Amino acid sequence: MTTNITVASMQRNEGKYIIEWFAYYLLQGVNHFVIYNHMSTDETEAIWRRLSRHYHIDIHNRTGYNVHYPMLEHALTEVLPTTDWLVFADMDEFYFPIEDRTMRDVLEARKDWDCSAFGVYWCQFGSSGYIDDPELVLQSYTHRGPLNLSTNHHMKSIVKGRGRAGSVSGTNPHVFTTEHGTIDFVGRVIPPHCGHNASVEPCHEVMRLNHYQCKSWEYFKTKKQARGSTADRPPEAPGAQIPDSVFHDYDHNEVFDDSIWQKYGKQLVPKIKEIKEQIGI
C-alpha cells in the first residue's frame, strides 16, 4: 500500500508561486494537498481548483481573522487520521532532504522512530539582491544566512498520521503538543512551546526547511506587507502591519547555496511545464 503524505498549507494571494511549489512537493512524493485559502483576491483559488481536477487536493476557504489555530485544529483532527504523514508548509517553505533523494525517502526510513512528529529546522534565504520578482524561487534565490543563524532555530512539524502519533493538539503553530513527543533528526526532544528552539544548535544534515521569507523587494512590498503579519490579526490590530525593517532583518545573503536547484532543477522545470499544460495556463 502506498504511503500517503499530505501537505497542509494556509495561503493568501500566492497565485504566481503555486505551480513551482506544487511541482516541487510532487517530486518529493507528496500525494495529497489540503489548502486553506484565506481571503485571496488573486487567482490563488482558481489555480487550486484547476489542479484539483487532476490531483488529490482539498480546498477550504477561510474568511475573517483568528483563523490560524482553527486551521491547525482542523488539519490535526480531520486530516491527520486519514493520512500517514501530515506536513505543514507555507508557500515560502520547501522541505529539502540532504541525505536522501526525496522527503518520502527520509520519512520512510524513520517511520518506526519513537515519536509523534519530527521538527525540521528552517534555513533562512535572502533576496539575493532581487528588486523585481524573478520567475522561479528555487532557481533565483541562491543566497542564505549561516546555518547557525538565530532564525534558523525555528522549525515546522511533520506529524505521524493514522493514530500513530497518539493525541496531538495545535498549541503552537510550529511544534505541537503530542503524546509521544516531537524530535529532530538527531533524536533530540523538542518542547511543545519551542517553535523557536534556542536551547540547542539546529540540525540541518538530514533535512532542512528552506525558508524564502524575503524573496524580492517587489514581493515584500506588494504581497507580504499587503497581507499583514498573520491570518489572526485584522489590519488595524497592533502588530498586524509589517514594517520595511522586517525585510532588512531577514535579508540574509552571506552564503551562496544553490544546492536545492542543483538537486531538483532538471526535474522541476519539465514538471512545471507539464502541470501548466495539464491545467491550461
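A quick note: this is a predicted structure, and the numbers were derived from the prediction, not measured.

Engineer: So what's going on with the overall build of the chain? Which residues, and what values?
Structural biologist: When you go through the chain residue by residue, the secondary structure sums to eight helices and 14 strands. Each principal axis of the C-alpha distribution contributes one length, and for the chain these read about 45 × 45 × 45 Å. Looking at the chain residue by residue over its 281 residues, the buried ones come to 56%. Here the contacts in the chain between residues at least 6 apart in sequence split such that 77% fall between residues at least 24 apart. Looking at charge distribution, the chain has the averaged site of its 28 positive side-chain charges lying 4 Å from that of its 36 negative ones.

Engineer: Kindly report on unusual backbone geometry, identifying the contributing residues and their values.
Structural biologist: The phi torsion at Asn 13 lies on the positive side, around 55 degrees, for a residue other than glycine. The class of Asn 13 is buried, set by a relative accessible area of 17%. At Lys 215, a position not held by glycine, the phi torsion is positive, near 55 degrees. You can see Lys 215 is positioned in the loop between strand S13 (207-211) and helix H6 (217-227).

Engineer: Let's hear about helix H1 (residues 18-27): which residues, and what values?
Structural biologist: Burial within H1 is extensive, with 10 of its 10 residues counted as buried. All of the buried residues in H1 are Ile 18, Ile 19, Glu 20, Trp 21, Phe 22, Ala 23, Tyr 24, Tyr 25, Leu 26 and Leu 27. One or two steps after H1, the chain reaches Gly 29, where phi turns positive at roughly 95 degrees.

Engineer: Describe the side chain of Gln 124, naming the residues involved and giving the relevant values.
Structural biologist: Considering the arrangement of structural elements, one finds Gln 124 in strand S6 (residues 117-124). Looking at Gln 124, its side chain comes within polar contact range of the side chain of Gln 213, at 3.2 Å. With sequence-adjacent residues up to four places away left out, Gln 124 is seen in contact with Arg 144, Gly 145, Leu 149, Thr 151, Asn 152, His 211, Gln 213, Tyr 250 and His 252.

Reading guide: rules and limits
- Residues numbered from 1 in each chain as written.
- Predicted model: local features only at pLDDT ≥ 70, side-chain atom pairs only at ≥ 80, totals over all residues.
- Heavy atoms only, no water.
- Helix = DSSP H or I, 4+ residues; strand = E, 2+ residues; numbered from the N terminus.
- Buried < 20%, exposed > 50% of the residue type's maximum accessible area, 1.4 Å probe, protein only.
- Contact = heavy atoms within 4.5 Å.
- Lys, Arg positive; Asp, Glu negative; His and termini not counted.
- Charge placed at Lys NZ, Arg CZ, Asp CG, Glu CD.
- Polar contact = N/O pair within 3.5 Å; in protein donor to acceptor, adjacent residues only side chain to side chain.

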